[in-house]
Amino acid sequence: PQLSYDDLLAGYVEDAAPDDTAKSALNAAVAARAKELLHTRRPVAEKVFLLRSQGYSFAEIAQKCGISESSARTVEFRTRRWLRETLQQEGFCDD
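Residues numbered from 1 in each chain as written. Predicted model: local features only at pLDDT ≥ 70, side-chain atom pairs only at ≥ 80, totals over all residues. Heavy atoms only, no water.

(A) Here's a closer look at the pattern of salt bridges. Within the structure shown, the criterion is met by four salt bridges. Across the salt bridge formed by Arg-33 and Glu-90, the nearest N and O atoms sit 2.7 Å from each other. Here Glu-90 lies in the segment after helix H5 (69-89) and Arg-33 lies in helix H2 (residues 20-38), a separation of 57 residues in the sequence. A salt bridge links Arg-73 to Glu-69; its shortest N-O distance comes to 3.2 Å. (Salt bridge = Lys/Arg side-chain N within 4 Å of Asp/Glu carboxyl O. Helix = DSSP H or I, 4+ residues; strand = E, 2+ residues; numbered from the N terminus.)

(B) Main features of helix H4 (residues 58-65). For H4, the set of buried residues is Phe-58, Ile-61, Ala-62 and Cys-65. Seen from one end, H4 has its buried residues packed into an arc of 100°, which puts them on one side. Turning to H4, the residues buried within the fold contact helix H3 (43-53) and H5. Among the residues trailing H4, Gly-66 stands out with phi positive, at a value near 70°. (Buried < 20%, exposed > 50% of the residue type's maximum accessible area, 1.4 Å probe, protein only. Arc of directions from axis to C-beta. Contact = heavy atoms within 4.5 Å.)

(C) Local environment of H5. Taking 1.5 Å per residue as the helical rise, H5 with its 21 residues ought to reach 30 Å, and the 30 Å between its terminal C-alpha atoms agrees with that figure. Those residues of H5 that sit buried are Ala-72, Val-75, Glu-76, Thr-79, Leu-83, Thr-86 and Leu-87. The buried residues of H5 occupy an angular sector of 110° when projected down its axis, which confines them to one face. Residues of H5 that are exposed and angled more than 90 degrees away from the buried face: Ser-70 and Gln-89. Remark: Gly-91 follows H5 within two positions and exhibits a positive phi of approximately 85°. (Expected span 1.5 Å × (residues − 1).)

Given below as structure tokens:
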């Protein structure tokens, strides 16, 4: 079975909800917002982020995206940092 994009994002973005019900609802909200935010980034940033969340190595991501492995690492790091900071500013995640 293949995971949906939202499921992958929910698993990749950390949260701090106190119980499973709240955590599940928060994961869904965070995943939905993260998906919206990622669509505002360059297509390569969204693709790198998604592939990394699926467990691809940076070498595999670089090959799939036609970029260097170093660029894949940089894009993923900057996208994840930007996404976390944006979600924090919007009140979705704790510091």
